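Listed below are the residues making up each chain.
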Amino acid sequence: ADIGVLIISARKSEFEAGFDRGGQTREHAMLAKTLGISRLVVAINKMDESTVKWSKKRYDQIVKKLSPFLKKWFKPKDTVFLPVSAYTGANLLKPADKSECDWYDGKCLLDILDSVRDTNRDAKAGLRIPVIDKYKEMGTICALGKIEAGTLYRGQKLKIMPMGGEGECVGILVKDKPVDVARPGENVVIQTKGLDENELLSGFVICEKERPSRKCTAFEAQLRITELLAHKPLMTNGYRCILHCHSIVIECQIAKMQAIVDKKTGAITEKKPRFAKKNQVVKVKIRVPQSVAVECYKDFSQLGRFTLRDEGKTIAIGRITDLKPEKKSK
């Protein structure tokens, strides 16, 4: 998705439980940014609840507490707040009645979503479609994914990375309707020919034959450590966790701590650190046990950002800065 809607409960104590340490509100905001969402609509819900009663004071209190945190991930101009009531439908499809909310003069949720400008995606870049799932229908292998870059057309020669399998696109479905061409940002079902089921696994990337994505088992990245586990408060060489990058989910290891970076200036403050802590920005080398198809962030941002998770908690978000070529087996 290009835009996300973060639902916040205005009910007394519910917002605090979600936002305080260990709550899901922080986690969801971080994951939204990592997944490529650049604009965020914050819908403050349950404004009709008996402890709230469309209180402007309560609304302003939540906005004031959320804003400094969201600034870490989203530009203020890309963040919109509005009060809503999902129970009564107020301010969802049409503006809330002035008799219940006379202090809000902004747009309703639907109007905000309708007014969102299109995200620029490169239709002329190399085709990149991370595979989300696959199924077999009438002997045809079909892959599901979102076009992150490039243009897909019927009859196009395909290459699946990182395995390198080759085939052809014989049909495209967008919203269950057959089309001849699909463009960046569209969710598609790709009907293929010449490919085996094992060549279209979740986490693989569908590319055009002439311009395939790169593959690697190690890459350099810059991380922002957001949270570490209480019993593992330091990130060190050898730290193991789970890498989430586009549709890839794979175990990984911090192979080398390269440098600690100043968050404001970007200057290196310490080379080859022994460890890094929460809220630090660090350059690292990450290793995975098998080849993955990823890209440098500067080339294909959607395939170059990732999340590190440990025991179900997001501990860091990062960007790939360099891919390390695989060593050829002798």
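Read on for a plain summary of the structure.

The rules we used
- Residues numbered from 1 in each chain as written.
- Predicted model: local features only at pLDDT ≥ 70, side-chain atom pairs only at ≥ 80, totals over all residues.
- Heavy atoms only, no water.
- Helix = DSSP H or I, 4+ residues; strand = E, 2+ residues; numbered from the N terminus.
- Contact = heavy atoms within 4.5 Å.
- Pairing = 2+ DSSP bridges.
- Axes fitted to C-alpha atoms, helices over the stretch in contact; angles between N-to-C directions.
- Expected span 1.5 Å × (residues − 1).
- Buried < 20%, exposed > 50% of the residue type's maximum accessible area, 1.4 Å probe, protein only.
- Arc of directions from axis to C-beta.
- Polar contact = N/O pair within 3.5 Å; in protein donor to acceptor, adjacent residues only side chain to side chain.

Points about the environment of Arg-240
Along the chain, Arg-240 turns up in strand 14 (residues 240-245). Separated by 70 residues in sequence, Arg-240 and Asp-310 place their C-alpha atoms 8.0 Å apart. Apart from residues no more than four positions distant in its own chain, Arg-240 is found in contact with Lys-232, Glu-251, Cys-252, Gln-253 and Asp-310.

A look at the sheet that holds strand 1 (residues 3-9)
Pairing in this open sheet of three strands is parallel, and the strands run 1-2-3 from one edge to the other. Two strands lie at the open edges of the sheet, namely strand 1 and strand 3 (79-83), each paired on one side alone. Mean inter-strand twist for the sheet, computed between neighbouring axes without regard to direction, equals 20°. Here strand 1 pairs with strand 2 (residues 39-45) via seven bridges, running parallel. Looking across to strand 2, one finds that Leu-6 is bridged to Val-42. Against the sheet, helix 3 (residues 56-70) engages strand 1, strand 2 and strand 3, with an angle of about 160° to strand 3.

Observations regarding helix 3
Taking 1.5 Å per residue, 15 residues should reach 21 Å; helix 3 reaches 20 Å between its end C-alpha atoms and fits that length. All of the buried residues along helix 3 are Arg-58, Tyr-59, Ile-62, Val-63, Leu-66, Phe-69 and Leu-70. Along the axis of helix 3, the buried residues cluster in a sector spanning 130°; they form a single face. When the buried face of helix 3 is taken as reference, the exposed residues oriented beyond 90 degrees from it are Lys-57 and Lys-64. Structurally, the start of helix 3 carries an N-cap: the backbone nitrogen of Lys-57 is 3.3 Å from a side-chain oxygen of Ser-55.

The analysis is restricted to geometry; functional conclusions fall outside its scope.
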